[in-house]
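Examining the three-dimensional arrangement
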Amino acid sequence: MSESTDQAQPLVAHLTELRDRLLKALLSVLVVFLCLFPFANEIYTFVSEPLRAILPAGSSMIATEVASPFLTPFKLTLFAALFISIPYVLFQIWSFIAPGMYRQEKRLAIPLLVSSVLLFYAGAAFAYFVVFPLVFAFFTSVGPTDVTIMTDINRYLDFVLKLFFAFGLAFEIPIVAVLLIWAGISTTESLKQKRPFIIVFCFVFGMLLTPPDVISQALLAIPMWLLFEVGVFFGRFIERRPDADSAAATDE
């Protein structure tokens with residue numbers, strides 16, 4: 001009976017630690033949200049600036065639902081809190097899994113973790129500062145001249161959050177390529193041979209995750225392809241050698 005209890009204790013301890021770290025991550029999001037909520041309207045004004053800046057004279061954004069003026073900035077502030085809290089949330093995840101990793105794995109995982117956060121932020125910034133002005137300028141210029149543009153604030157938020165996520169995720173491609181090479185699942189030469197298929201995948205991915213226009217699809221697909229090349233380039237420096245597994249097993 002005591003032997004069974006001793007064997008179960010490590011699992012209980014791990015689950016308790018996981019619970020505590022998840023609670024800390026959720027608490028960090030809540031704290032950031034409470035700090036940002038008084039500025040919810042200002043945050044929405046900032047996010048909607050790329051569209052409002054190019055709206056024709058006499059046009060404005062509208063709210064078609066009674067609760068939208070409150071719920072839409074609330075929703076955006078919640079996403080902004082999660083966006084800002086990503087480094088701390090990932091730190092909690094890292095702190096949970098790091099004790100079970102080899103020293104060599106930790107030396108690679110830490111730069112990859114930091115790079116993944118920075119690349120996600122870079123993807124969102126690229127969407128806001130580069131993609132949004134071009135896409136919105138295109139949309140507002142191709143419509144009929146006798147149609148007044150009055151975008152719903154909730155529909156706009158759903159649109160930009162989708163693009164933020166798409167570009168943030170797309171900018172993680174170098175991390176994926178490096179991990180595939182480091183884990184031995186693929187090699188730099190194998191990825192180079194698959195380059196035509198990767199390019200097609202980038203454009204299909206861009207077509208699925210962006211609005212149905214060529215500009216936004218190309219603005220997502222081309223950076224994805226270039227970032228894939230970056231991942232293959234850096235993957236050469238960490239490509240596993242035949243003796244890598246044995247070295248990792250002895251380096252605890």
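Residues take numbers from 1 onward in each chain, read along the sequence in its written order. Confidence filtering applies because this is a predicted model: local features only for residues at pLDDT of at least 70, side-chain atom pairs given and counted only at 80 or more, and all residues used for totals across whole chains, interfaces and linings. Only hydrogens and water are set aside; all other atoms, that is, all heavy atoms of the structure, feed into the side-chain values.

Focus on the packing of aromatic side chains
By convention, a stacked pair of Phe, Tyr or Trp rings (six-membered ring in the case of Trp) has centres within 6.5 Å and planes under 30 degrees apart, an edge-to-face pair has planes over 60 apart, and any other such pair is tilted. Going through the model one piece at a time under the given rule, you end up with 19 aromatic pairs. Ring geometry for Tyr-128 against Phe-129: centres 4.9 Å apart, planes inclined by 85°, an arrangement best described as edge-to-face. Using a relative accessible area of 58% as the deciding quantity, one classes Phe-129 as exposed. Measuring from centroid to centroid gives 6.1 Å for Tyr-128 and Phe-132, while their planes differ by 70°, and the two rings are edge-to-face. Remark: exposure states derive from per-residue accessible area (1.4 Å probe, protein chains only) relative to the maximum for the residue type, with buried under 20%, exposed over 50%, and partly exposed in between.

Some thoughts on the nonpolar core
As used in this record, nonpolar core signifies buried Ala, Val, Leu, Ile, Met, Phe, Trp, Tyr and Cys residues forming a set joined through side-chain atoms within 4.5 Å. Within the largest apolar cluster, 50 residues are counted, with the highest numbers of intra-cluster contacts made by Phe-132, Tyr-156, Val-160, Phe-164 and Phe-167. Labels follow the DSSP assignment, with helices taken as runs of H or I lasting at least four residues and strands as runs of E lasting at least two, numbered in each case from the N terminus. Looking at this core, the elements with two or more residues in it are helix 1 (2–36), helix 2 (40–52), helix 3 (68–97), helix 4 (103–142), helix 5 (153–170), helix 6 (173–182), helix 8 (195–209) and helix 9 (214–235). Two residues qualify as a contact provided that any one of their heavy atoms is within 4.5 Å of a heavy atom in the partner residue. Every residue in contact with Phe-167, bar those within four places of it in the chain, is listed here: Gly-123, Phe-126, Ala-127, Val-131, Ser-216, Leu-219 and Leu-220.

Notes on a nonpolar patch on the surface
On the surface, Phe-37, Phe-70, Leu-71, Phe-74 and Leu-78 cluster together to form a nonpolar patch covering roughly 440 Å² of accessible area. Residue placement: Phe-37 occurs in the loop between helix 1 and helix 2. With relative accessibility at 32%, the residue Phe-37 sits in the partly exposed group. Grouping into patches uses exposed residues only, defined as over 30% relative accessible area, and leaves out salt-bridged ones; the cut-off is 9 Å for like charges and 5 Å for nonpolar side chains (Val, Leu, Ile, Met, Phe, Trp, Tyr). Only the protein chains shown count as covering a residue, and every accessible area follows the Shrake-Rupley method with a 1.4 Å probe. We define a salt bridge as a contact between a side-chain nitrogen of Lys or Arg and a carboxyl oxygen of Asp or Glu at a distance within 4 Å.

Here we look at the packing of helix 5 against helix 9
In the contact formed by helix 5 and helix 9, the axes pass within 9 Å of each other and the chain directions differ by 20°. Of the possible angle classes, the one that applies to helix 5 and helix 9 is roughly parallel. Where helix 5 crosses over helix 9, the two elements pack in a sense that is right-handed. Of helix 9, the residues touching helix 5 (which contributes Ala-166, Phe-167 and Ala-170) are Ser-216, Leu-219, Leu-220, Met-224 and Leu-227. Structural elements are reduced to axes, namely lines fitted to C-alpha atoms, with helices fitted over the stretch in contact, and the angle between N-to-C directions of any two is expressed from 0 to 180 degrees. If an angle is under 35 degrees, it is roughly parallel; if it is over 145, roughly antiparallel; if it lies from 65 to 115, roughly perpendicular; otherwise it is oblique. Handedness of a crossing is defined here by the sense of rotation of the near helix relative to the far one, left-handed for an anticlockwise turn of less than a right angle and right-handed for a clockwise turn.

What about the confidence of the model for the protein?
Predictor confidence is given residue by residue as pLDDT, running from a minimum of 0 to a maximum of 100. Averaged over all residues, the pLDDT of the protein equals 82, while 88% of them reach at least 70. Within the protein, no element has a lower average pLDDT than helix 10 (residues 244–250), which sits at 47, and none a higher one than helix 2, at 92. Below a pLDDT of 50 lies the segment residues 1–8, which in the model reaches zero contacts outside its immediate sequence neighbourhood of four places, other chains included. In this model, residues 244–252 is a region of pLDDT below 50 whose contacts with residues beyond four sequence positions or in other chains number twelve contacts.

Quick notes on the layout of surface pockets
Considering only enclosed or pocket space, the largest pocket measures out at about 590 Å³ in volume. In this analysis the probe radius is 1.4 Å and the grid spacing 1 Å, with only protein atoms considered; a cavity is a set of points the probe fits into but cannot get out of, a pocket is an open set with protein on both sides within 12 Å along at least five of seven lines, and lining residues have an atom within 4 Å of a point. As for the largest pocket, its lining consists of 20 residues, of which Phe-79, Ala-80, Phe-83, Ala-124 and Phe-164 are closest to the centre. Mapped by element, the contributors of at least two residues to the lining of the largest pocket are helix 2, helix 3, helix 4 and helix 5. With seven residues, the single largest contributor to the lining of the largest pocket is helix 3. Grid points are joined across faces, edges and corners, and a volume is the space filled by probe spheres set on the points.

So, the pattern of salt bridges
Per the counting criterion, the structure on display carries six salt bridges. With a closest N to O distance of 2.6 Å, Asp-158 and Lys-75 form a salt bridge. On the criterion of sequence distance, the pair formed by Asp-158 in helix 5 and Lys-75 in helix 3 is long-range, its members being 83 residues apart. On the basis of relative accessible area, Asp-158 is assigned to the partly exposed category, the value being 33%.

Comments concerning helix 5
Helix length check: helix 5, at 18 residues, gives a terminal C-alpha distance of 26 Å against a target of 26 Å (1.5 Å per residue), a fit within 8%. Buried residues of helix 5: Ile-153, Tyr-156, Leu-157, Val-160, Leu-161, Leu-163, Phe-164, Ala-166, Phe-167, Gly-168 and Ala-170, and no others. Backbone nitrogen of Asn-154 and a side-chain oxygen of the N-cap are separated by 3.2 Å at the start of helix 5; the cap is Asp-152. Multiplying 1.5 Å by the residue count of a helix minus one yields the expected span of that helix. Whenever two N or O atoms come within 3.5 Å, that pair is a polar contact, provided that in protein one can donate a hydrogen and the other can accept it, and provided that, for residues adjacent in sequence, both atoms are side-chain atoms.

Concerning the environment of Gly-123
The topology assignment puts Gly-123 in helix 4. Overall, Gly-123 belongs to the buried group, its relative accessible area being 0%. Separated by 43 residues in sequence, Gly-123 and Ala-166 have C-alpha atoms that sit 8.3 Å apart. Apart from residues lying up to four places away in sequence, Gly-123 is in contact with Phe-167, Gly-168 and Phe-171.

Observations concerning the packing of helix 6 against helix 9
Their axes nearest at 7 Å, the elements helix 6 and helix 9 cross at an angle of 35°. The two elements helix 6 and helix 9 meet at a crossing, and its hand is right-handed. Contacts from Ile-173, Pro-174, Ala-177, Val-178 and Ile-181 in helix 6 reach Met-224, Leu-227, Phe-228, Gly-231, Val-232, Phe-234 and Gly-235 in helix 9. Among the residues forming the contact of helix 6 with helix 9, the class breakdown is ten nonpolar, two polar and no charged. Each residue receives one of three labels: charged for Asp, Glu, Lys and Arg, nonpolar for Ala, Val, Leu, Ile, Met, Phe, Trp, Tyr, Cys and Pro, and polar for the others, Gly being one of them.

A word on the side chain of Ser-95
Within the secondary structure layout, Ser-95 lies in helix 3. What Ser-95 contacts, discounting residues up to four positions off in sequence, is Glu-17 and Arg-21.

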